[in-house]
Amino acid sequence: MKIHSVKTWAWVHKWSSLVCTVFMLLLCLTGLPLIFSHEISHLLGNEVEPPVLPAHTPQASMDKVLNNAKALYPSRVVQFVFRDIDETNSWTVSLGKTATSEDDTKFVKMDSRTAKVLQEPKFNEGFLYVMFKLHVDLFAGLPGMLFLGLMGVLLVVAIISGVVLYAPFMRRLAFGEIRRDRAPKLKRLDTHNFLGIVTLVWALVVGTTGIINAWADLVIKYWQFDQMSAMTAPYKGLPPPTHFASLQAAVDTAQAREPDMRLGFIAFPGTAFSSPHHYGMFMRGDSPVTARLFKPVLIDAQTAKLTDSREVPWYLATLLISQPLHFGDYGGMPLKILWLILDVFTIVVLWTGLVLWWKKRAHPQVETEQHIALNEAYAAR
Amino acid sequence: MPHVKSHAKMPTKTFMQMFIWPIVLGVLTLFGLVMTLLLEGGWLELVSIGALGIPVIVMVYIYYVKSVFRH
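Note that this is a predicted model, so its numbers are computed, not measured.

(A) Seen up close, unusual backbone geometry. Residues and elements named next belong to chain A. A positive phi angle is found at histidine 56, which is not glycine, with a value near 65°. Structurally, histidine 56 is set in the loop between α2 (37-43) and α3 (62-70). If you check the backbone angles, alanine 304 has positive phi at about 60° while not being a glycine. Mapped onto the secondary structure, alanine 304 falls in the loop between β7 (295-300) and β8 (306-309). Taking relative accessible area as the criterion, alanine 304 reaches 9% and is therefore assigned buried.

This is the structure we're talking about:
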């Protein structure tokens, strides 16, 4: 590679990294507890498991589950009923001030067999909530999300330019060679290059899926505009329903439409995932991929009859598939532990990169070509 | 720029010499990430998580274990 182009790549690597490093350190640090959010939640007592009942205990009617949850907050509006991907014996009901309000939402976790209240989990306060908000939007809503997405783009640029720069620095070094017995600078450089090149593909995957996730709110808004409005077109202009059909009947209709799938979550009328006239029943399959590719089934909230059901379009499918690849939640504890190790090593790459730049500031006369020449001079063992 | 004489014993490496291990570990990582998502449990899923584990083990081994032996 020509020395001129090495200089250009070095400039790209330096500035793309410098701008995003502080935010990437924040994302790596806040991401660590989020990998184990389920386990931490249990440890902190913020999530109780439903009691063990004899196998084949029948499920209670969804109407009963819903009414018992609503009884705690009669003045509130039900927004969603949901459960974790591997949960079979509970439903969590979220109740807001209105169908679309996002602040001060109440959550009630119900036993799906006895329809009894298990707990009122606090999903919007505490340690994990702070970590989550810092990780997703810096407490700044959509602008915060898009800003972090932009930092993700810079990370990808930094990774690609870093791979290009790997070559001129490795011409005389063996793979994985860390010069520990020389200047600390060389050990730092070798650590940065080695850990950077091994975590490369993981960091690229988590980085790009993170960028896609930053667009989640906008993608869902577009899906409403593009698909939901078309599916619910016959209801346009009608007054909102005054009485509602049985929720269990609506669930049964959706289940009959997709007999091989199971219910993932229910979006209530007026929320972002339904229309004012419908229950949005989101069905999932059983494989890791199909369990995340929800299939929406719209049920008329007054009659419990099927209105429409469509496959999710490519852009929503992309978002849904990019989520597990970002969270690392699709391979049980072994995958979570790998995510943890790779995250920690990424922190080391970011930190050594930052220190390399900081120390080099004191010697601004050192040019890139000198840097490479010095690096190679010290390659001799 | 001061003249820096290179007295390295190792000759300049070719592109493939430099990138063969990064490519192998990168392919294993990608294979592990994607196959784990596509498979439905079972022993094959253990293989695919194992594929993702190899680069991590290599990294930890070279960075910590190898240097311990050397010193």
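(B) Local environment of the environment of leucine 28 of chain B. Residues and elements named next belong to chain B. With respect to the helices, strands and loops of the structure, leucine 28 is situated in helix α1 (residues 15-38). Given the relative accessible area of 23%, leucine 28 is considered partly exposed. Setting aside residues up to four positions removed in sequence, leucine 28 forms contacts with Ala51, Leu52, Ile54 and Pro55.

(C) Highlighting the pairing of strand β1 (residues 77-82) of chain A. As paired strands, β1 of chain A and strand β2 (residues 90-96) of chain A are joined by 5 bridges and run antiparallel to one another. The residue of β2 of chain A that forms the bridge with phenylalanine 82 of chain A is threonine 92 of chain A.

(D) Broad picture of the nonpolar core. Of all hydrophobic cores here, the largest spans 52 residues; its most connected members are Phe175, Phe194 and Trp339 of chain A together with Leu33 of chain B. Residue assignment for this core shows that the elements contributing at least two residues are α1 (3-35), α5 (141-170), α6 (184-214) and α10 (332-360) of chain A together with α1 and α2 (42-70) of chain B. Here the element with the most residues in this core is α6 of chain A; it accounts for 10 residues. The next biggest cluster of nonpolar side chains, apart from the first, holds 30 residues, and it includes Tyr73, Val81, Met261 and Tyr279 of chain A.

Definitions and limits used
- Residues numbered from 1 in each chain as written.
- Chains lettered and ligands numbered in written order.
- Predicted model: local features only at pLDDT ≥ 70, side-chain atom pairs only at ≥ 80, totals over all residues.
- Heavy atoms only, no water.
- Helix = DSSP H or I, 4+ residues; strand = E, 2+ residues; numbered from the N terminus.
- Buried < 20%, exposed > 50% of the residue type's maximum accessible area, 1.4 Å probe, protein only.
- Contact = heavy atoms within 4.5 Å.
- Pairing = 2+ DSSP bridges.
- Core = buried A, V, L, I, M, F, W, Y, C linked by side-chain atoms within 4.5 Å.

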